[in-house]
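Close look at the chain arrangement
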Amino acid sequence: TYFPNAYLGVDIFFVISGYLITSLIFLEISKGNFNIFNFYERRARRLLPALFLMIMVSIPFAWAWLTPSAFKNYGQSIIASSIFSSNILFWLESGYFSAASEYKPLLHTWSLAIEEQFYILFPIFLIFSWRFGPNKILMILLIIFIISLSLSHYGSYQWPSANFYLLPTRGWELLIGVFLAIYLRTNLFIKSTLVNQI
């Protein structure tokens with residue numbers, strides 16, 4: 001009753017993702033042993049086996065229950081999910097005449113796609129901006145945060161489907177996690193454990 005839209009869990013998921021990935025990357029960069037290819041490999045080993053298992057398990061059910069046109073769309077969603085662009089596919093399919101969500105077995109992968117797009121872009125940003133120092137990085141991220149939050153607010157009225165599915169209007173949630181990770185990394189020795197846990 002307090003959160004009738006039922007999407008708060010996804011929002012929290014994005015914040016936690018931003019926090020965890022930033023913490024990992026900052027730790028490795030500060031030690032001087034960050035390797036972007038190793039980072040991508042670890043993300044792939046963590047996510048792809050579960051994703052492909054879930055796709056394989058759902059294929060027989062989709063074959064048995066979906067209409068031919070829905071099954072064709074399901075095939076497209078398998079490809080999109082495998083290359084972490086299902087959020088874009090489901091956004092393009094959204095609208096008045098789109099199929100009901102019950103006929104999209106991989107619909108929930110839209111949030112994974114956003115997370116993976118962030119995982120691809122954010123380390124590249126850090127590699128190129130690290131030499132400018134933490135203050136300039138924070139300033140750039142703050143500008144991106146304000147743009148993303150503004151787009152999200154405007155998009156909720158003008159382009160609700162794009163606002164829901166796409167990274168530019170979800171980026172501010174991931175960046176909250178980024179800011180928390182940076183804060184805890186630079187202020188852990190000042191604040192109490194209780195404050196940091198909160």
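If you're wondering where the values come from, they're calculated on a predicted model, not measured in any experiment. (Residues numbered from 1 in each chain as written. Predicted model: local features only at pLDDT ≥ 70, side-chain atom pairs only at ≥ 80, totals over all residues. Heavy atoms only, no water.)

On to the overall build of the protein. Of regular secondary structure, the protein possesses 9 helices and 0 strands. Going from the N terminus to the C terminus, the protein shows its helices and strands as α-α-α-α-α-α-α-α-α. Across its three principal directions, the C-alpha atoms of the protein cover 60 × 40 × 35 Å. Put simply, the protein shows about 12300 Å² of open surface, and 71% of that area lies on carbon and sulfur atoms. Averaged over its 12 positive side-chain charges, the protein has a centre that lies 10 Å from the centre of its 8 negative ones. (Helix = DSSP H or I, 4+ residues; strand = E, 2+ residues; numbered from the N terminus. Areas by Shrake-Rupley, 256 points an atom, 1.4 Å probe, with all protein chains shown as cover. Lys, Arg positive; Asp, Glu negative; His and termini not counted. Charge placed at Lys NZ, Arg CZ, Asp CG, Glu CD.)

This part covers the side chain of Ser152. When you line up the elements, Ser152 lands in helix H6 (residues 134-158). On the accessibility criterion, Ser152 (13% relative accessible area) is buried. Ignoring sequence-local partners within four residues, the contact set of Ser152 consists of Asn163, Thr169 and Trp172. (Buried < 20%, exposed > 50% of the residue type's maximum accessible area, 1.4 Å probe, protein only. Contact = heavy atoms within 4.5 Å.)

Overall, the coordinates contain 18 aromatic pairs when judged by the stated rule. Ring geometry for Trp63 versus Phe71: centroids 5.4 Å apart, planes at 80°, classification edge-to-face. Here the aromatic rings of Trp110 and Tyr165 are separated by 5.9 Å at their centres, their planes lie at 85°, and the arrangement is edge-to-face. Here Tyr165 lies in helix H7 (residues 160-165) and Trp110 lies in helix H5 (residues 109-129), a separation of 55 residues in the sequence. Tyr165 gets classed as buried once you look at its relative accessible area, which sits at 11%. Taken together, the ring pairs connect Phe34, Phe39, Tyr40, Phe118, Tyr119, Phe122 and Phe125 into an aromatic cluster. The cationic tip of Arg43 hangs over the ring face of Tyr119; the distance from NZ or CZ to the ring centre is 5.6 Å. Taking the ring centre of Phe164 as reference, the NZ or CZ of Arg170 above it sits at 5.0 Å. (Phe/Tyr/Trp six-rings, centres within 6.5 Å; stacked < 30°, edge-to-face > 60°. Lys NZ or Arg CZ within 6 Å of the ring centre and 35° of its normal.)

A word on the nonpolar core. One finds Ile25 and Phe118 to be the most contacted residues of the largest nonpolar core, which totals 38 residues. Mapped onto this core, the elements with two or more residues apiece are helix H1 (8-31), helix H2 (36-65), helix H3 (68-82), H5, H6, H7 and helix H8 (167-187). If you tally residues by element for this core, the top one is H5, at 7 residues. (Core = buried A, V, L, I, M, F, W, Y, C linked by side-chain atoms within 4.5 Å.)

A few words now on the pattern of salt bridges. Counting across every chain of the model gives 5 salt bridges. In this structure, the salt-bridge partner of Arg170 is Asp11, at a minimum N-O distance of 2.9 Å. Taken together, the positions of Arg170 in helix H8 and Asp11 in helix H1 put the pair 159 residues apart, joining distant regions of the chain. Put simply, Arg42 and Glu28 hold a salt bridge, and the shortest N to O gap is 2.7 Å. Of this pair, Arg42 sits in helix H2 while Glu28 sits in helix H1, placing them 14 residues apart in sequence. Residue class for Arg42 comes out partly exposed when judged on its relative accessible area of 27%. Judged by relative accessible area, which is 16%, Glu28 ranks as buried. Through salt bridges with shared partners, a single network forms among Asp11, Arg170 and Glu173. (Salt bridge = Lys/Arg side-chain N within 4 Å of Asp/Glu carboxyl O.)

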